[in-house]
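Analysis of the macromolecular model
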Amino acid sequence: MLVLGFEPFAGDTINPSAEIANQLAGETIEAHRIVSGVLPVSFSDAPLVLAELLDRHKPTLVVALGQAGGRAGISFERVAINLIDARIADNAGLQPIDAEVLEGGPGAYFSTLPVKAMHAELSAHGVHSTLSLSAGSYVCNQIFYWLAHLLASEHESARGGFIHVPWLPQQSARHPGDPDMALDTMVYAIRKAIACALRIHEDLPISGGTTH
Ligand code: PCA
C-alpha cells in the first residue's frame, strides 16, 4: 500500500504529512507493506508524481496525507471537488484561481476509504478526529481529486482517499491559541486508521453528517 505526504509549503520548513509517511515506510500492517512518497506542493508537478507512483507500485490501498494548519483533529476527507482556487501561490509560484482540476471531469469524487469506521476507530483509541466535507481548494484537494480519478479510471481494484492532519507543536507555536498534535500521536493514529481501512471494505452505516 502507498502512503503519501507533502513537502513543506507556505514558508514552513516541515510538513507533518511527509514526516508521518516517512515514519510508516517499510512497516507491514495487516499483511500489507507500506511504501511512502512525498509529493511537491505544485499544481503542475504533484499530479505527475502521483500518477508515476501509482503506476510503479500498483498499490491496493492509497492513503494521501496533507497538513491542514488550524484544524484540531485528524480529518477524514469525504469529498474531492473539481475546483482549484488557490489562496496562496504553490511552491513553484503558481496561483490558479477558479480553475478545474480536470477539464470536464465530474464535479466531485468521494473517498473510497471507510471514513466512518476509521473515525470511530480513532475515537475508540482516544485520538481526536473528524469527518470533513471539504479538503479545501488547494493542492491537497487537487491531489485527492486526481487520486480518486486515477483509481476510478485506471486502477479500479484499488481503494484510496485523503486525510488532513493538524500542525505539529513547533508549527502552532507561531499561531498562539491554534491547535496541534504531537508527531507520535499522528503516526499512531494513521497506523490505526490504515489497519482499519485494510480490514473494513464496506463503511459503517452510522450517521456522520452535519446540519450546517
Ligand atoms: N496541505 C496543503 C497542500 C499541501 C499540504 O500538506 C493543502 O491542504 O492543500
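Residues numbered from 1 in each chain as written. Predicted model: local features only at pLDDT ≥ 70, side-chain atom pairs only at ≥ 80, totals over all residues. Heavy atoms only, no water.

1. Quick notes on the pattern of salt bridges
What the rule picks out here adds up to six salt bridges. Taking the shortest distance from any N to any O, the salt bridge between E27 and R191 comes out at 2.9 Å. Residue E27 is located in the loop between helix 1 (16–24) and strand 2 (28–29), and its partner R191 is located in helix 6 (residues 183–199); the two are separated by 164 residues in the primary sequence. Residue classification places E27 among the partly exposed residues on the basis of a relative accessible area of 22%. (Salt bridge = Lys/Arg side-chain N within 4 Å of Asp/Glu carboxyl O. Helix = DSSP H or I, 4+ residues; strand = E, 2+ residues; numbered from the N terminus. Buried < 20%, exposed > 50% of the residue type's maximum accessible area, 1.4 Å probe, protein only.)

2. Side note on the site of the ligand
In the vicinity of the ligand, the residues found are F6, F9, N15, V41, G66, Q67, Y138, V139, C140 and H164. Contact between the ligand and N15: an oxygen atom at 2.9 Å from a side-chain N or O atom of the residue. Residue H164 places a side-chain N or O atom 2.8 Å away from an oxygen atom belonging to the ligand. Within the complex, 94% of the 270 Å² of free accessible area of the ligand lies under protein. Taken together, the elements giving at least two residues each to the shell around the ligand come down to strand 5 (61–67) and helix 4 (139–153). (Near = heavy atom within 4 Å. Polar contact = N/O pair within 3.5 Å; in protein donor to acceptor, adjacent residues only side chain to side chain. Areas by Shrake-Rupley, 256 points an atom, 1.4 Å probe, with all protein chains shown as cover.)

3. Describing the packing of helix 1 against helix 6
Between helix 1 and helix 6, whose axes approach to 10 Å, the crossing angle comes to 60°. Taken together, the axes of helix 1 and helix 6 are oblique relative to one another. Our pair here, helix 1 against helix 6, has a crossing hand that is right-handed. Mapping the contact onto sequence places P16, E19, I20, Q23 and L24 in helix 1 and L183, M186, V187, I190, R191 and I194 in helix 6. Each residue belonging to the contact of helix 1 with helix 6 can be placed in one class, and the counts come to eight nonpolar, one polar and two charged. (Axes fitted to C-alpha atoms, helices over the stretch in contact; angles between N-to-C directions. Parallel < 35°, antiparallel > 145°, perpendicular 65-115°, else oblique. Left-handed = near helix turned anticlockwise from the far one by under 90°. Contact = heavy atoms within 4.5 Å. Nonpolar A, V, L, I, M, F, W, Y, C, P; charged D, E, K, R; others polar.)

4. Observations regarding the sheet that holds strand 10 (residues 159–165)
Within the open sheet, the six strands sit side by side as 4-1-5-10-6-9. Their pairing is mixed. Where the open sheet ends on each side, the last strands, each with one partner, are strand 4 (35–39) and strand 9 (129–132). Each adjacent strand pair in this sheet contributes to an overall mean axis angle of 25°, direction not counted. By the bridge criterion, seven bridges tie strand 5 to strand 10 in an arrangement that is parallel. Bridge pairing in strand 10 places G66 opposite H164. The strands that helix 4 touches are strand 1 (2–6), strand 4, strand 5, strand 6 (74–77) and strand 10; relative to strand 10, the one it contacts most, it runs at about 170°. The sheet contacts of helix 6 involve strand 1, strand 5, strand 6 and strand 10, and relative to strand 10 the element is tilted by about 160°. (Pairing = 2+ DSSP bridges.)

5. A few points about helix 2 (residues 46–57)
Its twelve residues give helix 2 an end-to-end C-alpha distance of 16 Å, which sits within 8% of 16 Å, the value for a rise of 1.5 Å per residue. For helix 2, the complete set of buried residues consists of A46, P47, L50, L53 and L54. Viewed end-on, helix 2 has its buried residues packed into an arc of 125°, placing them on one side of the element. For helix 2, the exposed residues set more than 90 degrees away from the buried face come down to L48 and R56. For helix 2, the secondary structure elements touched by its buried residues are strand 1, strand 4, strand 5 and helix 4. (Expected span 1.5 Å × (residues − 1). Arc of directions from axis to C-beta.)

6. Structural notes on the packing of aromatic side chains
According to the stated counting rule, one finds four aromatic pairs in the structure shown. Ring centres of F9 and Y138 lie 6.0 Å apart, and the angle between their planes is 40°; this geometry places the pair in the tilted category. With F9 in the loop between strand 1 and helix 1 and Y138 in the loop between strand 9 and helix 4, the pair connects residues that are 129 residues apart, well separated along the chain. Each ring, one from Y109 and one from Y145, has its centre 5.0 Å from the other, and the planes form 70°; the classification is edge-to-face. A residue pair is termed long-range when its members are at least 10 positions apart, and Y109 in strand 8 (residues 108–110) and Y145 in helix 4 qualify at 36 residues. Like Y109, the residue Y145 is buried in the burial classification. A network of ring pairs unites the aromatic residues F9, F43 and Y138 as a single cluster. (Phe/Tyr/Trp six-rings, centres within 6.5 Å; stacked < 30°, edge-to-face > 60°.)

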